[in-house]
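# Tertiary structure, described
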Amino acid sequence: MVGLNEIRDGEQAVVPPPPTDAGLVFIGRCHTPWTDRATCPRQGRLDGPICRIEIYEPWSPALDGLAQFERLEVLYWLHHSRRDLVRQSPRSDGRTRGTFSLRSPVRPNPIGTHIVQLIGIEGAYLVVRGLDCIDGTPLIDLKPDRAQFPPLAPRQADDDQIGNTQ
Ligand code: SAM
């Protein structure tokens, strides 16, 4: 984890271009036991503590059908992250490398993703295990874990595009 204004040996910050409005809408927020980055796990575990994901209105109807999946992919906005480091020296080993080779929360667009175990749905709240973000982290999206999602039959156009003649 990189502190807000901390620069470690070898790290490189840039002046990022001004953010443009990609039209992102926060659809809820994560309720977790962690109130600061230092105590938050680096990667969530499916046997981690029970957390809740709150879905804001008008999005609760979008939960219909989700309960059949045991695992969900959660995308969240790591809102306390700095966004200007292109090279980082993680505290774990101090070895400097490029931001895109890391899962650090510090990135140009600080999107975090994790697979969580869905324990239940209580109204507009999902009860889950496996999160790794601090309390109040804004939620971007929820999807069924791709490993549990039935694959769609390939379209003819896709077959043609990859030159599949069989
Ligand atoms: N599992 C996600 C991923 O791989 O995309 C996130 C991994 S990131 C290494 C998790 C770390 O981000 C936590 O240990 C904590 O230090 C930090 N973090 C958690 N919530 C955050 C937030 N809302 N803003 C900034 N940093 C956060």
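Look above for the structure.
First, a word on scope: everything that follows refers to the structure included in this document. Predicted model only: the values in this text are computed from it and were never measured.

Moving on: the overall build of the protein. Scanning the protein for helices and strands turns up one helix and nine strands. The helix and strand sequence of the protein, counted from the amino end, reads β-β-β-β-β-β-β-β-β-α. Based on the C-alpha atoms only, the size of the protein along its principal axes is roughly 50 × 45 × 35 Å. Here the protein, with 166 residues, has 36% of them falling under the buried criterion.

What follows is about the side chain of glutamine 88. Looking at the secondary structure, you find glutamine 88 in strand E5 (residues 85-88). A distance of 3.0 Å separates polar atoms of two side chains, one belonging to glutamine 88 and the other to threonine 99.

For the ligand, the set of nearby residues contains 20 residues, the closest of which are Pro41, Gln43, Arg103, Asp132 and Thr137. Between the ligand and threonine 137 there is a distance of 2.9 Å, counted from a nitrogen atom to a side-chain nitrogen or oxygen. Against a free-state accessible area of 600 Å², the protein chains account for coverage of 97% of the ligand. Of the residues forming the shell around the ligand, the biggest block, three residues, is contributed by strand E7 (residues 111-122). Partitioning the shell around the ligand into residue classes produces eight nonpolar, eight polar and four charged.

Okay, the sheet that holds strand E2 (residues 28-31) next. An order of E2-E3-E8-E7-E4-E9 is seen for the six strands of this closed barrel, with the pairing classed as antiparallel. Between one strand axis and the next, the sheet turns by 45° as a mean value, whatever way the strands run. Inspection of the sheet shows strand E4 (residues 71-77) paired to strand E9 (residues 138-144) by five bridges, in the antiparallel sense. Residue pairing for E9: valine 74 is matched across the bridge by leucine 142.

With that settled, consider the environment of arginine 103. Relative to the elements of secondary structure, arginine 103 occurs in the loop between strand E6 (97-98) and E7. Separated by 61 residues in the primary sequence, arginine 103 and arginine 42 have C-alpha atoms spaced 9.1 Å apart. Here arginine 103 is in contact with Gln43 and Thr113, once residues within four sequence places are set aside. Looking at arginine 103, its side chain comes within polar contact range of the side chain of threonine 113, at 3.0 Å.

Counting 23 residues, the largest nonpolar core has Ile53, Val74, Leu126, Val128, Leu131 and Leu142 as the members making the most contacts within it. Those residues in contact with isoleucine 53 that lie beyond four places of it in its chain are Arg29, Val74, Ala124, Tyr125, Leu126, Val128, Leu131, Leu139 and Leu142.

All right, on to unusual backbone geometry then. Geometrically, the link from glutamate 57 to proline 58 is a cis peptide bond, its omega value of 15° lying close to zero. When you line up the elements, proline 58 lands in the loop between strand E3 (50-55) and E4.

In this structure the tally under the stated criterion is 10 salt bridges. For the salt bridge of arginine 52 with glutamate 122, the shortest nitrogen-to-oxygen distance reads 2.7 Å. Residue arginine 52 is found in strand E3, and its partner glutamate 122 is found in strand E7; the two are separated by 70 residues along the sequence. Under the relative-accessibility criterion, arginine 52 is labelled partly exposed at 32%.

As a further point, take the pairing of E7. In the sheet, E4 pairs with E7 via seven bridges, with the strands oriented antiparallel. Within E7, the position partnered with tyrosine 76 by the bridge is glycine 112. Note that E7 and strand E8 (residues 125-129) share five bridges and pair antiparallel. Looking across to E8, one finds that glutamine 117 is bridged to arginine 129. Adjacent in sequence and paired antiparallel, E7 and E8 are bridged by two residues, among which glycine 123 carries a positive phi angle near 65°.

About the criteria used
- All residue numbers here refer to positions counted from 1 along the written sequence of the relevant chain.
- With pLDDT at 70 or above as the cut-off, local features in this predicted model cover only qualifying residues; side-chain atom pairs require 80 or more to be listed or tallied, and sums for whole chains, interfaces and linings still use all residues.
- Side-chain numbers here rest on the full set of heavy atoms in the structure, without hydrogens or water.
- Secondary structure is summarised from DSSP: a helix means a run of H or I of at least four residues, a strand means a run of E of at least two, and numbering begins at the N terminus for each.
- Think of it in three bands: with a 1.4 Å probe and only protein chains considered, a residue is buried below 20% of the maximum accessible area for its type, exposed above 50%, and partly exposed in between.
- In the analysis that follows, any N or O atom pair within 3.5 Å is treated as a polar contact, provided that within protein one partner can donate a hydrogen and the other can accept it, and provided that, for residues neighboring in sequence, both atoms belong to side chains.
- Consider each residue's heavy atoms; a residue with any of them within 4 Å of a molecule or strand counts as near.
- Only the protein chains shown count as cover for residues, and the accessible areas themselves come from Shrake-Rupley with a 1.4 Å probe.
- Each residue gets one label: Ala, Val, Leu, Ile, Met, Phe, Trp, Tyr, Cys and Pro are nonpolar, Asp, Glu, Lys and Arg are charged, and the others, such as Gly, are polar.
- Whether two strands pair depends on DSSP finding at least two bridges between them.
- The axes are straight lines fitted to the C-alpha atoms, using for helices just the contacting stretch, and the angles between their N-to-C directions are given from 0 to 180°.
- The criterion used for residue contact is that any of the two residues' heavy atoms lie within 4.5 Å.
- Each nonpolar core is a collection of buried residues, namely Ala, Val, Leu, Ile, Met, Phe, Trp, Tyr and Cys, held together in the definition by side-chain atoms within 4.5 Å.
- Salt bridges are defined as contacts in which a side-chain nitrogen from Lys or Arg sits within 4 Å of a carboxyl oxygen from Asp or Glu.

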